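One-letter residues, chain by chain:
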Amino acid sequence: MDTNNILLTTIKAAASSHSKQAARHKYLHRSLWVASSFISLLIAVSTAFDFSLFDIASKSIATLFAIILPMVTSYMVLRSPEKLWIHEINIRNQLLDLHTELELLTARNAQFDPADFEQRYLVIMSTANKKWIEIKEG
């Protein structure tokens, strides 16, 4: 396998990995948002109406949900799924741009230095790692 094919395969695999991570972070972000919205709605309903569910007063149910809501929102803040989702999408796009550029040059049989593409790939991955750590440290 020549250098260009190895580079193309490596870049494509990295882009695919970042795409999968972005999908996971997107799902987590949306799930936590839906959960916090639903819990807020349950708090509003249980405080607005006086009822009993399994012999538990609505005020007690509201209190329970009021305890759960900050846990969900703090998990959202600690995990930063929205920021990670955006970060992963940006990295994926940079890698796909690099992949496309290399594919076009290879298809044209143009002269280029594979070491340049290797270096650019490594810079993207290094920057991605630094940014990921920055996001996780808050």
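Everything here concerns the structure above.
So, how was this worked out
- Residues numbered from 1 in each chain as written.
- Predicted model: local features only at pLDDT ≥ 70, side-chain atom pairs only at ≥ 80, totals over all residues.
- Heavy atoms only, no water.
- Helix = DSSP H or I, 4+ residues; strand = E, 2+ residues; numbered from the N terminus.
- Rg over C-alpha atoms; globule rule 2.2 N^0.38 Å.
- Buried < 20%, exposed > 50% of the residue type's maximum accessible area, 1.4 Å probe, protein only.
- Contact = heavy atoms within 4.5 Å.
- Core = buried A, V, L, I, M, F, W, Y, C linked by side-chain atoms within 4.5 Å.
- Polar contact = N/O pair within 3.5 Å; in protein donor to acceptor, adjacent residues only side chain to side chain.
- Axes fitted to C-alpha atoms, helices over the stretch in contact; angles between N-to-C directions.
- Parallel < 35°, antiparallel > 145°, perpendicular 65-115°, else oblique.
- Left-handed = near helix turned anticlockwise from the far one by under 90°.
- Nonpolar A, V, L, I, M, F, W, Y, C, P; charged D, E, K, R; others polar.
- Expected span 1.5 Å × (residues − 1).

(A) Inspection of the overall build of the chain at higher detail. Helix and strand content of the chain: 4 helices and 2 strands. Rg of the C-alpha trace for the chain: 23 Å, well past the compact-globule value of 14 Å for 138 residues, more than 25% over. Overall, the C-alpha framework of the chain stretches about 75 × 25 × 20 Å when taken along its three principal axes. Sorting the 138 residues of the chain into buried and exposed places 28% on the buried side. Nonlocal contacts in the chain, meaning residues at least 24 apart in sequence, comprise 75% of its contacts between residues at least 6 apart.

(B) Structural detail: the nonpolar core. With 14 residues, the main nonpolar core has Ile11, Leu95, Leu98, Leu102, Phe117 and Tyr121 as its most contacted residues. Listed by contribution, the elements that provide at least two residues to this core are helix 1 (3-48), helix 3 (81-107) and helix 4 (114-137). Isoleucine 11 has contacts with Leu95, Leu98, His99, Leu102 and Tyr121, leaving out every residue within four places of it along the chain. Membership of the second largest hydrophobic core comes to 8 residues, among which are Leu32, Ile39, Ile43 and Phe65.

(C) Molecular detail of the side chain of serine 36. Considering the arrangement of structural elements, one finds serine 36 in helix 1. From its side chain, serine 36 meets the backbone oxygen of tryptophan 33 in a polar contact 3.0 Å long. In contact with serine 36, other than residues within four places in its own chain, are Leu69, Val72, Thr73 and Met76.

(D) Geometry of the packing of helix 1 against helix 4. Between helix 1 and helix 4, the shortest axis-to-axis distance is 10 Å and the interhelical angle comes to 15 degrees. In terms of orientation, helix 1 lies roughly parallel with respect to helix 4. When the axes of helix 1 and helix 4 are compared, the crossing they make is left-handed. For the pair helix 1 and helix 4, the contacting residues are Thr3, Asn4, Leu7, Thr10, Ile11, Ala14 and His18 in the first and Pro114, Phe117, Glu118, Tyr121, Met125 and Ala128 in the second. Of the residues assigned to the contact of helix 1 with helix 4, the class counts are 8 nonpolar, 4 polar and 1 charged.

(E) Just the environment of isoleucine 86, in detail. By the element assignment, isoleucine 86 lies in helix 3. Classification of isoleucine 86 by relative accessible area gives partly exposed; the value is 45%. Here the alpha-carbon distance between isoleucine 86 and alanine 48, two residues 38 residues apart in the chain, equals 38 Å.

(F) Representation of helix 4 within the structure. With 24 residues, helix 4 extends 35 Å from end C-alpha to end C-alpha; this agrees with the ideal 34 Å at 1.5 Å per step. When helix 4 is considered as a whole, its buried residues turn out to be Phe117, Tyr121, Ile124, Ala128 and Ile135. Against the buried residues of helix 4 lie helix 1 and helix 3. Positive phi shows up at glycine 138, right after helix 4, with a value of about 80 degrees.

So, to be careful, I would describe these as geometric facts and stop short of saying anything about function.
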